[in-house]
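So you can see what is in the structure, the chains are spelled out below.
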Amino acid sequence: MNRRLFLRATAGGMAGAGALRLAPAMARADPAATTPRFATANRKWQAAYDRALQVLAANVQIMPYISRPVLIEGAVYKGIWQECGPHEALVYRKFRPDVARNSHMTFFELQRADGQLPANNKVAETGFGQIQMVVPIAATAWELARATSDEALLEAAYRACAAWDGWLMRYRNTRGTGLVEGFCTYDTGHDNSPRWAGMPNQCPNKDARTYHPIATLPRLCPDLSATVHGGRRALAEMAQALGRTGEADRWSEQAAHIRRLILEKLYVSEDAAFYDLDAKGEFVRVRSDILSRVCGEHVPDQALFDTLWERQLHNPAAFWAAYPLTSVAMDDPAFVGTIPANSWGGATQALTALRAGRWFDHYGRSAQFTRMMDQWCAALMADMTFRQQMDPRTGAFTHAEAADYSPAALVMIDYSWRLVGVCEEADDLHWNARPAHPAAQGTRLSVPLDGGGEAAIVYRDNGADLMISGKPVARISGGTVRLVTDKQGVGRHLVGVEETPQTISLKLPRRPMRRLTLRPNQKVAL
């Protein structure tokens, strides 16, 4: 592959005929605009944003065996975990692209000869005693390599993640179903969850190839299988980018196969829930954030998602608390309402909030995502210590836990940009114009674009001016809306991103002013 080629996929697309294309690399960004800049007159918001950046900078550290800095989990977690570290570093990449790359390469360089990726790399040890995966490292590596035109990362990720998929099918498919099996609590990172009540935290002798002699083990796990589904979709796109069309087709077929198995074997329609299926053929009927994790890898189609949304995810008696989303449904008998430390039994977790950007917009729930982001930012600003979890009913963070937890800090940064800033998504720019939002008070922000240039928003006079490298893209005034454009600023569509109808005025270059009213989640083509 020509190293001057810029790899990218069409917006939101799976690998397939014509899905990927190669374009000439663009000029590098101006050195003066190398990191995002966010300045608001809202002092409380600015203080929380700046404090979050301080937490993240302090959590960039060097772990054993790899002499390059990575973003660690922070708080009491002195290391980087496969389930979350690569995804967190991807969210942080505009600030530290080197750290984002290192946080992926750590796992690839520590991979064992048989294909096993480490569950973590900590100060104390490199762990292989569980698989501990949620967001597929293949997916985050592909997104990073594509965005940064990094062929070496692409090739390393493809080799490592293909071998990892092979390892999982050898050692975590002992029942021959084609689904991925869970052997212990740490496999899914669900510490202190009733989902794993009575089960060991780790595999025997810290060997993730084996499980304890318990009659209900191993389990078929929807979320672990969904992680493999998402990883295979990414492997298909990587193979396509590398010119390996036959392998791309094979990965796409295998992704579709495991998706069908998840839906056929692990979904219970009368409960509108996905459950583990134990070795005795019984469902472990705890309604947990398995649901959001399966949605994060886009396993449900839109119709099924709408059912999950109505009955579970957006149900105020279940997961949609005052501060969403709970880790176990509040109306589930297993819900742990006391909110002890490090509890995936009910608490609202920062990791779940950080992963929400992977599926809310995909399923057309951008307006409700606004509500969730506002609640999270309000809770973070009220506390300012950036801890792991909070009470879903009150927004009070658990102070029995240590402060300076990277996922919580990343939520503050990521949500600030998703609320009033511009976000780069594959081939698109998402301009989130909210002139009346508290975070938009006299706000000026800018972010360097992949391959060169800078996107900026300036809020003034009850409106927002959108620019790319100083060139006007649009002026939006009045209400709230998301404008989606291509990387050159040409408008594609508008999205209603508030829970109430919004009337806006839109002025595009060389076009007359338009006045439109958008309903929640409505998409209007330009």
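Here's what I pulled together on the structure shown here. (Residues numbered from 1 in each chain as written. Predicted model: local features only at pLDDT ≥ 70, side-chain atom pairs only at ≥ 80, totals over all residues. Heavy atoms only, no water.)

### Concerning the side chain of Ser-327
The following threshold applies: For helices the rule is a DSSP run of H or I covering at least 4 residues; for strands it is a run of E covering at least 2, with both sets numbered from the N terminus onward. Remark: exposure states derive from per-residue accessible area (1.4 Å probe, protein chains only) relative to the maximum for the residue type, with buried under 20%, exposed over 50%, and partly exposed in between. We call two residues in contact whenever any of their non-hydrogen atoms come within 4.5 Å of each other.
Mapped onto the elements of the fold, Ser-327 is located in the loop between α9 (302–313) and β15 (348–349). The class for Ser-327 is buried, based on a relative accessible area of 1%. When residues no more than four places from it in sequence are discounted, the contact partners of Ser-327 are Ser-288, Asp-289, Phe-319, Ser-343, Trp-344, Gly-345, Gly-346 and Ala-347.

### Quick word on the environment of Leu-466
Among the secondary structure elements, Leu-466 is positioned in strand β21 (residues 463–468). Separated by 45 residues in sequence, Leu-466 and Gly-421 have C-alpha atoms that sit 9.8 Å apart. Among all residues touching Leu-466, those that are not within four sequence positions of it are Trp-431, Ala-456, Ile-457, Lys-471, Pro-472, Val-473, Ala-474, Ile-476 and Leu-483.

### Focus: the sheet that holds strand β25 (residues 502–507)
Applicable threshold: Each pair of strands is called paired provided DSSP finds at least two bridges between the two strands. Here the axes come from fitting lines to C-alpha atoms, over the contacting stretch only for helices, and the angles between their N-to-C directions go from 0 to 180 degrees.
Strand order in the open sheet formed by seven strands is β3-β19-β20-β21-β22-β25-β26, with antiparallel pairing between adjacent strands. The sheet terminates laterally at β3 (37–39) and β26 (514–518), the two strands that pair on one side only. Direction aside, the axes of adjacent strands within the sheet are offset by 20 degrees on average. Direction of pairing for strand β19 (residues 444–448) relative to strand β20 (residues 454–460): antiparallel, over a ladder of five bridges. What sits directly across from Pro-448, in β20, is Glu-454.

### Re the nonpolar core
Using the following cut-off: Here, nonpolar core refers to any group of buried Ala, Val, Leu, Ile, Met, Phe, Trp, Tyr and Cys residues whose side-chain atoms link them within 4.5 Å.
Judged by nonpolar contacts, the single largest core of 155 residues is most densely connected at Phe-108, Trp-359, Met-372, Trp-376, Tyr-415 and Trp-431. Not counting residues within four places of it along the chain, the set of residues in contact with Trp-359 comprises Ser-292, Cys-295, Gly-296, His-298, Phe-305, Trp-309, Leu-313 and Leu-325.

### Focus: empty space enclosed by the protein
Put simply, the rule reads: Using a 1 Å grid laid over the protein atoms alone, points where a 1.4 Å probe fits but cannot get out form a cavity; open sets with protein on both sides within 12 Å along at least 5 of 7 lines form a pocket; any residue with an atom within 4 Å of a point counts as lining. Grid points are joined across faces, edges and corners, and a volume is the space filled by probe spheres set on the points. Residue polarity is assigned by list, with Asp, Glu, Lys and Arg as charged and Ala, Val, Leu, Ile, Met, Phe, Trp, Tyr, Cys and Pro as nonpolar; anything else, Gly included, falls into the polar class.
Considering all chains together, one arrives at three cavities of 30 Å³ or more under this definition. As a volume, the largest cavity reaches approximately 130 Å³. Taken together, 15 residues make up the lining of the largest cavity; nearest its centre are Ala-138, Trp-164, Thr-227, Val-228 and Gly-231. Elements that contribute at least two residues to the lining of the largest cavity include exactly α4 (137–148), α5 (151–171) and α6 (222–241). The biggest single contributor to the lining of the largest cavity is α6, with five residues. Taken together, the residues that form the lining of the largest cavity break down as 10 nonpolar, three polar and two charged. In this structure, the second largest cavity spans a volume of roughly 100 Å³. When contributions to the lining of the second largest cavity are tallied by element, the ones reaching two or more residues are α8 (290–296) and α10 (350–355).

### What to know about helix α3 (residues 97–109)
Basically, it comes down to this: By definition here, a helix of n residues has an expected span of 1.5 Å times n minus one.
Taking 1.5 Å per residue as the helical rise, α3 with its 13 residues ought to reach 18 Å, and the 18 Å between its terminal C-alpha atoms agrees with that figure. Within the span of α3, buried status applies to Val-99, Ala-100, Asn-102, Ser-103, His-104, Met-105, Thr-106, Phe-107 and Phe-108.

### Quick look at the pairing of strand β22 (residues 471–478)
Summarising the sheet, β21 and β22 pair through six bridges and their orientation is antiparallel. Across the sheet, residue Met-467 finds its bridge partner in β22, namely Pro-472. Connecting β21 to the next strand, β22, in antiparallel fashion are two residues, including Ser-469 with a positive phi near 50 degrees. Sheet analysis places β22 next to β25, joined by four bridges and oriented antiparallel. Each bridged residue has a counterpart across the sheet, and for Gly-478 the counterpart in β25 is Ile-504.

### Some words on the pairing of strand β18 (residues 428–433)
Put simply, side chains in a regular strand alternate between the two faces of the sheet. Burial within β18 is extensive, with six of its six residues counted as buried. Every second residue of β18 is oriented toward a common face, with Asp-428, His-430 and Asn-432 on one face and Leu-429, Trp-431 and Ala-433 on the other, all of them buried. The pairing of strand β17 (residues 422–425) with β18 spans four bridges and is classified as antiparallel. Each residue of the ladder has a partner; that of Glu-425, found in β18, is Asp-428. If you look at the hairpin formed by β17 and β18, you'll find two residues sitting between the two strands, and Ala-426 has a positive phi there, around 50 degrees. Judged from the six bridges that link them, β18 and strand β23 (residues 481–486) form a sheet pairing that is antiparallel. Its bridge partner being in β23, Leu-429 is matched across the sheet by Thr-485.

### Digging into the pattern of salt bridges
What counts is decided by this rule: A carboxyl oxygen of Asp or Glu within 4 Å of a side-chain nitrogen of Lys or Arg is what we treat as a salt bridge.
For the coordinates displayed, the defined rule picks out 34 salt bridges. The residue Glu-125 makes a salt bridge to Lys-122 at a minimum N-O spacing of 3.3 Å. Here Glu-297 makes a salt bridge to Arg-358, at a shortest N to O gap of 2.8 Å. In this pair, Glu-297 sits in the loop between α8 and α9 while Arg-358 sits in the loop between α10 and α11 (366–383), placing the two residues 61 residues apart along the sequence. Per residue, the accessibility class of Glu-297 equals that of Arg-358, and both read buried. One continuous salt-bridge network, built from bridges that share partners, spans Arg-195, Arg-219, Asp-223, Asp-276, Asp-289 and Arg-293.

### Focus on α6
With 20 residues, α6 extends 29 Å from end C-alpha to end C-alpha; this agrees with the ideal 28 Å at 1.5 Å per step. Of all the 20 residues making up α6, 19 are buried; the element is thus mostly covered by neighbouring parts of the structure. Two residues or fewer past α6, Gly-243 is found with a positive phi of approximately 80 degrees.

### Topic: the sheet that holds β17
What the five strands build is an open sheet, ordered β17-β18-β23-β24-β27; its pairing is antiparallel. Looking at which strands have only one partner, the edges of the open sheet turn out to be β17 and β27 (523–525). Taken over all neighbouring pairs, the strand axes of this sheet differ in orientation by 20 degrees on average, direction set aside. Across three bridges, strand β24 (residues 491–495) lies against β27 in antiparallel orientation. Opposite Val-495, over in β27, you have Lys-523 as the bridge partner.

### Some remarks on the packing of aromatic side chains
Note the cut-off: Stacked, tilted and edge-to-face pairs are distinguished by plane angle, under 30 degrees for stacked and over 60 for edge-to-face with tilted covering the rest, among Phe, Tyr and Trp rings (Trp via its six-membered ring) whose centres lie within 6.5 Å.
In this structure the tally under the stated criterion is 20 aromatic pairs. When the centroid spacing of 5.1 Å and the interplanar angle of 45 degrees are considered together, the rings of Trp-167 and Tyr-171 count as tilted. With Trp-167 and Tyr-171 both in helix α5 and four residues apart, the pair spans about one turn of that helix. The exposure class assigned to Tyr-171 is partly exposed, which follows from its relative accessible area of 25%. Ring geometry for Trp-309 versus Phe-360: centroids 5.7 Å apart, planes at 85 degrees, classification edge-to-face.

No statement about biological role is implied by the geometric values presented.
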